[in-house]
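Summary of structural features
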Amino acid sequence: IRVRPLTCTETRRGDRQVVHSLGDGTIHVSATSPLGFGGGLWHPLSCHHPCAQVSAAKHDATFGFSAVFDAGTSQEAVFEGSGMRQLVEMAIDGFSCTVFAFGQTGSGKTYTLMGPLAQTETQPAAPGLLGLMQRSFTCLLEQSQSRGSGLALSASYLEVYNEQVRDLLSTGPPCALPLRWSKTRGFYVENQLSVDFESLEAITDLLLQGSQRRRTSAHALNSHSSRSHALLTIHIRSQAVSTWGQSITPTTRVPQPSACPSKQGTLCFVDLAGSERVKETGSSGELSVEANNINRSLLALGHCISLLAKPRGKRTHIPYRDSKLTRLLARSLGGSGVTLMVACISPSSRCLSETLSTLNYASQARRVTTRP
Ligand code: ADP
Ligand code: MG
């Protein structure tokens, strides 16, 4: 769980801080005063949770998690304390690893993953502010160099916008790519670009170029709100694998999985578009169509997770096919992957209901087990 600081606007209008980290992975939300409480609870990710039906104004709630980072926590401390470094190492060892950032719009998802860099687009962020992604790239490239043979690295970057999958590395006008399924590969995106890289500068550039192509629009809660879900995947292969040959040009199509058994790990970063109540963000017209699509896919994600959270014997069919997002994440959610979920929340009294929903949802996601 990551709690962001109160923003200047929130402080200026006198929002109270209702979220407190108690240490030891425990977080307390005090909702004793109705001040600033914004009405009934509604959150696309938590509709299956009984708490979502209860008025938050009557509650003081305490939750326990693997780690809680309060408003003063540095980006570095989040990287080290969240298990992100271990996740990078597991990806190098051949596992499918995923990190998700989820939470309300404006709760700090993009900041946690990328730092403030991607939002100003003008000057590079101070090194101390770099997010989980850049820190993981550094770790990956250091590991690659320290291993004699090095690793073959490539990246792909997609967004799901209005239920369409788009390639963020493609330089042409945005066009929808087909999402297919096969017995051997599971769900995959056809004609997705994959770009080889060898240096930190190269992958940082890809991240910047791609995130600038992402759909964002300004609305009441966040002036650079991401309107799409973005998935950056790093493919990691041991250099010894000959199918990943010498003749590869800088830009190639994603290779078919090779027949020869080898270590092929992936590290996927998922920046989910924020959940939001259409009324609160002042969305209308095209924006509300976007909001409804975002909410629909988050709802599908929440549904899959609540089914996955059931004990293994009691699990029914998991409806991954309900949205593009859940199809793309099927392997991370229920397959053989290792997944780190970072739930971002605002400490403000105005965000209380969304915060409680995110915490309920995160508690549920904790119960999902996969078999890496
Ligand atoms: P989201 O991606 O969840 O919509 P953002 O990451 O864009 O939210 O964050 C919203 C605003 O809050 C941005 O201006 C961002 O710089 C700021 N912010 C978020 N998290 C932090 C943090 N931990 N420390 C300082 N500022 C933050
Ligand atoms: Mg964002």
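The protein appears in an unreviewed UniProt entry as Kinesin-like protein from Podargus strigoides. Looking at the protein in UniProt, the text filed under Subcellular location (unreviewed entry) is "Cytoplasm, Cytoskeleton". If you open the UniProt record of the protein and go to Sequence similarities (unreviewed entry), you find "Belongs to the TRAFAC class myosin-kinesin ATPase superfamily. Kinesin family."

Side note on the packing of helix H6 (residues 132-146) against helix H7 (residues 200-213)
It is at 10 Å that the axes of H6 and H7 come closest, and there the two elements cross at 150°. Taken as axis vectors, H6 and H7 run roughly antiparallel relative to one another. Between H6 and H7 the crossing geometry is right-handed. On H7, the residues that touch Met133, Gln134, Phe137, Thr138 and Leu141 of H6 are Leu200, Ile203 and Leu207.

A few points about the UniProt feature "binding site: ATP" (unreviewed entry) in the protein
Annotation from UniProt places "binding site: ATP" (unreviewed entry) at Gly103, Gln104, Thr105, Gly106, Ser107, Gly108, Lys109 and Thr110. Within the secondary structure, serine 107 sits in the loop between strand E5 (96-103) and helix H4 (109-114). Here serine 107 falls in the buried class, since its relative accessible area comes to 3%. Aside from chain neighbours lying at most four places away, what touches serine 107 is Arg4, Cys344, Ile345 and Ser346. Of note, threonine 110 is situated in helix H4. Note on threonine 110: relative accessible area 13%, which makes it buried.

A few points about the nonpolar core
Nonpolar side chains tend to gather and get buried jointly when the protein is soluble and globular. Within the largest apolar cluster, 47 residues are counted, with the highest numbers of intra-cluster contacts made by Ile1, Ile27 and Leu301. Beyond its immediate sequence surroundings of up to four residues, leucine 301 is in contact with Phe100, Leu272, Leu325, Thr326, Leu329, Leu333 and Tyr361. Val88, Ile92, Ala155 and Tyr157 belong to the second largest nonpolar core, which has 42 residues in total.

Structural notes on the pairing of strand E10 (residues 186-189)
Here strand E9 (residues 179-182) runs beside E10; their pairing, made up of four bridges, is antiparallel. From the neighbouring strand, tryptophan 181 faces E10, where its bridge partner is phenylalanine 187. Taking the residues that link successive antiparallel strands as the turn, the E9-E10 hairpin has three residues.

Let's talk about the packing of aromatic side chains
One pass over the full model with this rule turns up three aromatic pairs. Ring geometry for phenylalanine 102 versus tyrosine 361: centroids 4.7 Å apart, planes at 85°, classification edge-to-face. Separated by 259 residues along the polypeptide, phenylalanine 102 in strand E5 and tyrosine 361 in helix H12 (residues 352-366) bring together distant segments of the chain. Looking at tyrosine 361, the relative accessible area reads 1%, which means it is buried. Ring centres of phenylalanine 137 and phenylalanine 269 lie 5.9 Å apart, and the angle between their planes is 85°; this geometry places the pair in the edge-to-face category. In this pair, phenylalanine 137 sits in helix H6 while phenylalanine 269 sits in strand E16 (residues 264-271), placing the two residues 132 residues apart along the sequence. Side by side, phenylalanine 137 and phenylalanine 269 carry an identical accessibility label, which is buried. One Lys or Arg, arginine 185, reaches over the ring of tyrosine 188 and ends 4.0 Å from the middle of that ring.

About the criteria used
- Residues numbered from 1 in each chain as written.
- Chains lettered and ligands numbered in written order.
- Predicted model: local features only at pLDDT ≥ 70, side-chain atom pairs only at ≥ 80, totals over all residues.
- Heavy atoms only, no water.
- UniProt positions renumbered as here; feature names shortened; annotations may be inferred.
- Axes fitted to C-alpha atoms, helices over the stretch in contact; angles between N-to-C directions.
- Helix = DSSP H or I, 4+ residues; strand = E, 2+ residues; numbered from the N terminus.
- Parallel < 35°, antiparallel > 145°, perpendicular 65-115°, else oblique.
- Left-handed = near helix turned anticlockwise from the far one by under 90°.
- Contact = heavy atoms within 4.5 Å.
- Buried < 20%, exposed > 50% of the residue type's maximum accessible area, 1.4 Å probe, protein only.
- Core = buried A, V, L, I, M, F, W, Y, C linked by side-chain atoms within 4.5 Å.
- Pairing = 2+ DSSP bridges.
- Phe/Tyr/Trp six-rings, centres within 6.5 Å; stacked < 30°, edge-to-face > 60°.
- Lys NZ or Arg CZ within 6 Å of the ring centre and 35° of its normal.

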